[in-house]
Amino acid sequence: MKVQKIAYYLATGVLTAIMVYSVQMYLRNPDAIADYFESVDYPRYLVYPLAIAKILGLVAIWGNFSKWLKEWAYAGFFFDVMLAFTAHKVAQDGGELFSIIAFIALIVSYFLGKTVRP
């Protein structure tokens, strides 16, 4: 059980680090991110709402306030990671590695979070 708990916190930490990195990029350089979004046919206006949603999702996961809220946070991160992977693949910029790492961390965190009491 101790190994599972360590794996849960490690995976959740990796997911958190990737999301925090993404949020700081969105907030520090919104014009460049909006231009990138536009280049892969995502709307420019998503930069700030997506940054806020990522922060709230992390609060929901780490805060462990409600199972329902935590499930929605994981679902939101799942779609975010899948769309990021697709965008990086379409742009052929080589950035899909972080999406793959985030996806693996997301899946490990989600399933271990159900068996381990964080």
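Residues numbered from 1 in each chain as written. Predicted model: local features only at pLDDT ≥ 70, side-chain atom pairs only at ≥ 80, totals over all residues. Heavy atoms only, no water.

A. Representation of helix α1 (residues 2-28). Between its first and last C-alpha atoms α1 spans 38 Å; for 27 residues at 1.5 Å apiece the expected length is 39 Å, and the two agree. Those residues of α1 not exposed but buried are Y8, A11, T12, L15, T16, I18, M19, S22, V23 and Y26. Packed against the buried residues of α1 are α2 (30-39), α3 (47-63), α4 (67-91) and α5 (96-115). (Helix = DSSP H or I, 4+ residues; strand = E, 2+ residues; numbered from the N terminus. Expected span 1.5 Å × (residues − 1). Buried < 20%, exposed > 50% of the residue type's maximum accessible area, 1.4 Å probe, protein only. Contact = heavy atoms within 4.5 Å.)

B. View of the environment of L46. Within the element layout of this structure, L46 appears in the loop between α2 and α3. With 13 residues separating them in the primary sequence, L46 and I33 have C-alpha atoms 9.7 Å apart.

C. Summary view of unusual backbone geometry. You will see that D41, though not glycine, has its phi angle at about 65°, which is positive. Overall, D41 belongs to the exposed group, its relative accessible area being 71%. Phi at N64 is positive, roughly 55°, even though this residue is not glycine.

D. Structural context of α2. Along α2, the positions that sit buried rather than exposed are P30, I33, A34 and F37. All buried residues of α2 lie within an arc of 100° about the axis, which places them on one face of the element. Facing away from the buried surface of α2 by more than 90 degrees, the exposed residues are D31 and S39. Residues of α2 that are buried sit in contact with α1 and α3. Looking one or two residues past α2, D41 carries a phi angle of roughly 65°, positive in sign. (Arc of directions from axis to C-beta.)

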